[in-house]
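# Topology and contacts: notes
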Amino acid sequence: MPRFVEWDSLEIRVNGEKLNAFVQTMRVPPIERLQLDFQNGLLRVSGSVRKFISVPFTVDVPQIEARGRNVHVPLRSASAFGGIPIPQFLFGLMKSRLPPNLVRYEDPATLIVSLDRFLPSFIDAEIQKVWIIDGGLAVTVGRGGADLPEDTEENNGGTPNRDQRG
């Protein structure tokens with residue numbers, strides 16, 4: 001279906017600091033601390049979980065796989081206390097604590113993040129590739145398009161559009 005604006009490919013970057021701040025809003029008990037560190041080719045997630053005592057952990061994400069409107073984030077090399085391996089089955093215990101409209105869990109130890117949460121309904125796009133780079137992510141968005149948003153106060157925060165201004 002033709003759109004008002006169409007593109008073949010878009011190259012965008014996701015700021016790691018902003019993504020880290022966004023992830024903090026999703027932190028739930030027993031997670032006390034959560035930090036994302038973007039290095040070229042590796043995303044290291046570190047934090048701590050409180051179960052009687054505070055247990056520090058790290059999880060490596062060596063790649064992020066694009067699949068249409070979803071990204072698959074495989075969790076690898078999980079360890080606690082600086083080196084004790086964490087069994088993969090323990091990741092399954094966090095399923096019920098994930099925000100259901102944003103992230104879901106699949107075995108083996110993979111988080112699935114939906115683009116639908118981040119894009120307005122008038123934009124149609126699919127992710128082709130995600131690279132982990134120093135300081136964030138580089139993303140290639142494939143063929144897509146956008147229409148003008150419906151003219152409602154809900155979409156523009158109550159701000160009059162150009163035709164309504166005097």
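Being a predicted model, the structure only gives us computed values, none of them experimental.

### Some thoughts on the nonpolar core
- Grouped together as the largest cluster of nonpolar side chains are 31 residues, with contacts concentrated most on Val45, Val61 and Ile64.
- Beyond its immediate stretch of four places on either side in the chain, Val45 contacts Leu34, Gln35, Leu36, Phe57, Thr58, Val59 and Val61.

### Side note on the sheet that holds strand E10 (residues 103–106)
- Strand order in the open sheet made by the four strands is E6-E7-E11-E10, with antiparallel pairing throughout. Where the open sheet ends on each side, the last strands, each with one partner, are strand E6 (65–67) and E10. When strand polarity is set aside, the average angle formed by the axes of neighbouring strands in this sheet is 25°.
- Relative to strand E11 (residues 110–114), E10 is paired through four bridges, and the arrangement is antiparallel. Considered in E11, the bridge of Glu106 is made with Thr110.

### Digging into the pattern of salt bridges
- In the structure shown here, the tally under the stated rule is eight salt bridges.
- The salt bridge partner of Asp147 is Arg3, with a shortest N-O separation of 2.9 Å. Of this pair, Asp147 sits in the loop between strand E15 (144–146) and helix H2 (153–156) while Arg3 is found in the segment before strand E1 (5–7), placing the two residues 144 residues apart along the sequence.
- Owing to a relative accessible area of 24%, Arg3 belongs among the partly exposed residues under this scheme.
- Across the pair Arg104 and Glu106 runs a salt bridge whose closest N-O atoms are separated by 3.3 Å.
- Looking at Glu106, the relative accessible area reads 32%, which means it is partly exposed.
- Linked through salt bridges whose partners overlap, the residues forming this network are Arg69, Asp116 and Asp124.

### Comments concerning helix H1 (residues 16–24)
- Buried within H1 are the following residues: Gly16, Asn20 and Val23. Down the axis of H1, the smallest arc covering the buried residues is 60°, so these residues share one side. Opposite its buried face, H1 presents the exposed residues Glu17 and Lys18, each directed more than 90 degrees away.
- Close packing links the buried residues of H1 with strand E2 (10–15), strand E3 (31–39) and strand E14 (136–141).

### Some points on the pairing of E10
- Covered by surrounding structure in E10 are Val103 and Tyr105 only, the residues Arg104 and Glu106 on the alternate face being uncovered.
- Linking E10 to E11, which pair antiparallel, is a turn of three residues; within it Ala109 sits at a positive phi near 40°.

### Description of the environment of Val14
- Tracing the backbone shows Val14 in strand E2.
- Since its relative accessible area comes to 29%, Val14 is described here as partly exposed.
- Between the alpha carbons of Val14 and Val139 there is a distance of 7.5 Å; along the sequence they are 125 residues apart.
- Once you skip the residues sitting within four places of it in the chain, Val14 turns out to touch Leu19, Gly135, Gly136, Leu137 and Val139.

The rules behind each value
Residues numbered from 1 in each chain as written. Predicted model: local features only at pLDDT ≥ 70, side-chain atom pairs only at ≥ 80, totals over all residues. Heavy atoms only, no water. Core = buried A, V, L, I, M, F, W, Y, C linked by side-chain atoms within 4.5 Å. Buried < 20%, exposed > 50% of the residue type's maximum accessible area, 1.4 Å probe, protein only. Contact = heavy atoms within 4.5 Å. Pairing = 2+ DSSP bridges. Helix = DSSP H or I, 4+ residues; strand = E, 2+ residues; numbered from the N terminus. Axes fitted to C-alpha atoms, helices over the stretch in contact; angles between N-to-C directions. Salt bridge = Lys/Arg side-chain N within 4 Å of Asp/Glu carboxyl O. Arc of directions from axis to C-beta.

None of this, on its own, says anything about what the molecule does.
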